[in-house]
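What the coordinates show
One letter stands for each residue in the lines below.
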Amino acid sequence: MCDSNTLAFLAENKFDFNKTIYHGVPFVSVTNLKSLIKQSKTIHSSELELISKCVSLQTPDVHSKKPALSPQPDPPSADQSDPELAADTGDFDKLIIMTSFNQIIHLISQYPNPTVFHNGYLDLFHLMNQFYGPLPDKWEDFKSTVHRVFPRIYDTKFLACMDPFKEHIDQSSLSAVHEKLCPKFPINLTFPPKFERYIAGVDYQHEAGYDAMVTGHIFASMLLLGVKLHKFVNEIFLGLQGVFHFSPTKRDARPQRDNVLHFSTKSQQDKISKEEITDLLSPYSGVFNFWFHNNSVFVMLRKSLKKVDLLDLRTSTVHTKYHIMSYEEYYNSKRKISSSESESFPKRNKNSGTKPQNPKFHSKYSVEKKSA
């Protein structure tokens, strides 16, 4: 599925859809690649070995402490390959073509050079999803996997918002940072033959190669300031309400949610009305956004709600169908539920192997296990 607004944006910026279809670089995720290999009837063991040498077939394990992708040896030359390869190379050739860009992603991961992007947190989601497989269900698992695939990340959007870089720029968009920062700290860029298209200074904004070149130019200019960038490594810009950035290697800071309320219905039969809640909150603050989930909704106000106003709101809505909680109250109630659930689960005795301490639970567990 495609977002029509995204397609319109690309068309306005002269994105060539035909070029993508006819000349785009094929790719396949590790998960789908393994599935295709299983389905193939003409892939020989020697060909499979060659593919695995070019592209790791291991899906990153979120719980492993080892690097997600170990360096792969260079593929053997034609004269070293198995003679069977020449016999039937239909599926093999297709898979080699489909994995061509995967090899670039794997090479980026294997070497210690940093990965640099500008406001690229969504790119991380797409890279992991497209080239490795389905994203982990848990946020912490996703961060762990990202760190092992791309151990050193620099986000020039985040850097542009930090001292001393923000002294030289007034906006943090890619084009604004490039225009303001790079002339002050010039870098002599050289291009290989047949890649001189960007030398003339023509603006090719939103073209992948051009944006990548500009991002690299910005990062190189930032290095000229003499700032030790290691303190900014793996700090990725988010710019969300109350959540400025995150790091794959650090615990997430708890954001302030003084302007968020949680509404839930007292009865399962009742439905939440956006219009009703907007009317209830109109004397206190305008509504900025809604996040609905079943019979509850988070409401973000345009400004923080004082405790006295929250008390007044509850008093005025006591006879309505809604329960109202501050985000702090909601968060603490969920923590209590989570804590009570973990306490109800039997603790294991370190001195008795895997036997639970509660004999009744152990008996019940044993019966259920045998019946299964």
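All residue numbers refer to position in the chain's written sequence, counted from 1. Selection of residues for local features in this predicted model requires a pLDDT of at least 70, selection of side-chain atom pairs for listing and counting requires 80 or more, and totals for whole chains, interfaces and linings are taken over all residues. Heavy atoms throughout the structure, all of them, feed into the side-chain values; hydrogens and water do not.

Observations regarding the side chain of Asp155
Under the convention used in this document: In this description a helix means any DSSP run of H or I spanning at least four residues, a strand means any run of E spanning at least two, and both kinds are numbered starting from the N terminus. Whenever two N or O atoms come within 3.5 Å, that pair is a polar contact, provided that in protein one can donate a hydrogen and the other can accept it, and provided that, for residues adjacent in sequence, both atoms are side-chain atoms.
Within the element layout of this structure, Asp155 appears in strand β2 (residues 153-155). In this structure the side chain of Asp155 is engaged in a polar contact, spanning 2.8 Å, whose partner is the backbone nitrogen of Asn119.

A word on the environment of Thr320
Its place among the elements puts Thr320 in the loop between α13 (307-316) and β8 (322-326). Put simply, Thr320 and Lys266 are 54 residues apart on the chain and 8.8 Å apart in space, counted from C-alpha to C-alpha.

A closer look at the sheet that holds β8
Here is the rule: Strands pair, by our definition, only if DSSP identifies at least two bridges between them. As a rule, the C-alpha atoms of each element are fitted with a line to give its axis, helices using only the stretch in contact, and angles between N-to-C directions run from 0 to 180 degrees.
Strand order in the open sheet formed by four strands is β6-β7-β5-β8, with antiparallel pairing between adjacent strands. Among the strands making up the open sheet, the edge pair consists of β6 (287-293) and β8. Averaged over all pairs of adjacent strands, the angle between strand axes in this sheet comes to 20 degrees, irrespective of strand direction. Relative to strand β7 (residues 296-301), strand β5 (residues 260-265) runs antiparallel, the two being bridged by five bridges.

Points about the layout of surface pockets
The condition is simple: The method works on a 1 Å grid over the protein atoms by themselves. A cavity is a set of points holding a 1.4 Å probe that cannot get out, a pocket is an open set with protein on both sides within 12 Å along at least five of seven lines, and residues with an atom within 4 Å of a point line them. Grid points are joined across faces, edges and corners, and a volume is the space filled by probe spheres set on the points. Gly falls in the polar group here, along with every residue not listed as nonpolar (Ala, Val, Leu, Ile, Met, Phe, Trp, Tyr, Cys, Pro) or charged (Asp, Glu, Lys, Arg).
If you add up the space inside the second largest pocket, you get close to 930 Å³. Lining the second largest pocket we find 30 residues, and of these Val243, Asp252, Ala253, Pro255 and Arg257 sit closest to its centre. When residues of the lining of the second largest pocket are traced back to their parent elements, those giving at least two are α7 (121-131), α8 (139-149), β3 (236-240), β4 (243-246), β6, β7 and α14 (327-344). It is β4 that contributes the most residues to the lining of the second largest pocket, four residues altogether. Here the lining of the second largest pocket is composed, by residue class, of 17 nonpolar, five polar and eight charged.

Let's talk about the confidence of the model for the protein
Note the threshold: For every residue, the predictor states its confidence as a pLDDT score lying anywhere from 0 to 100. The contact rule is simple, with two residues in contact once any of their heavy atoms fall within 4.5 Å.
On average, residues of the protein carry a pLDDT of 76, and 73% of them reach 70 or more. Ranking the elements of the protein by mean pLDDT puts helix α15 (residues 359-371) last, at 37, and β2 first, at 95. Taken together, the stretch residues 354-372 has pLDDT below 50 and engages in ten contacts with residues farther than four places along the chain or on a different chain.

Some points on a nonpolar patch on the surface
To keep things clear, this is the line we draw: Patch definition: residues with relative accessible area over 30% and no salt bridge; like charges joined within 9 Å; nonpolar side chains (Val, Leu, Ile, Met, Phe, Trp, Tyr) joined within 5 Å. Computed by Shrake-Rupley with a 1.4 Å probe, the accessible areas treat only the displayed protein chains as cover when residues are assessed. We define a salt bridge as a contact between a side-chain nitrogen of Lys or Arg and a carboxyl oxygen of Asp or Glu at a distance within 4 Å. Burial classes: relative accessible area under 20% of the type maximum marks a residue as buried, over 50% as exposed, and values in between as partly exposed (1.4 Å probe, protein chains only).
Where nonpolar side chains cluster on the molecular surface, the patch consists of Val25, Phe27, Phe101, Ile104 and Ile108 and spans about 410 Å² of accessible area. Here Phe101 lies in helix α6 (residues 100-110). Phe101 sits in the partly exposed class, given a relative accessible area of 31%.

A look at the pattern of salt bridges
In this structure the tally under the stated criterion is five salt bridges. The residue Asp252 makes a salt bridge to Lys143 at a minimum N-O spacing of 3.0 Å. Taken together, the residues Asp252 in the loop between β4 and β5 and Lys143 in helix α8 connect sequence positions 109 residues apart. For the salt bridge of Arg314 with Glu329, the shortest nitrogen-to-oxygen distance reads 2.2 Å. With Arg314 in helix α13 and Glu329 in helix α14, this pair connects stretches of sequence that are 15 residues apart. Using a relative accessible area of 31% as the deciding quantity, one classes Glu329 as partly exposed. The network of salt bridges with common partners includes Glu140, Lys143 and Asp252.

Details of the nonpolar core
The criterion, for reference: The criterion is simple. A nonpolar core is a set of buried Ala, Val, Leu, Ile, Met, Phe, Trp, Tyr and Cys residues joined through side-chain atoms within 4.5 Å.
Leu159, Phe165, Leu181, Ile218, Met222, Leu229 and Phe232 are the most contacted members of the largest nonpolar core, which has 23 residues in total. Those elements that provide at least two residues to this core are α9 (156-160), α10 (174-181) and α11 (208-223). If you tally residues by element for this core, the top one is α11, at six residues. Ignoring sequence-local partners within four residues, the contact set of Phe232 consists of Ile153, Tyr154, Phe158, Leu159, Met162, Asp163, Phe165 and Val227.

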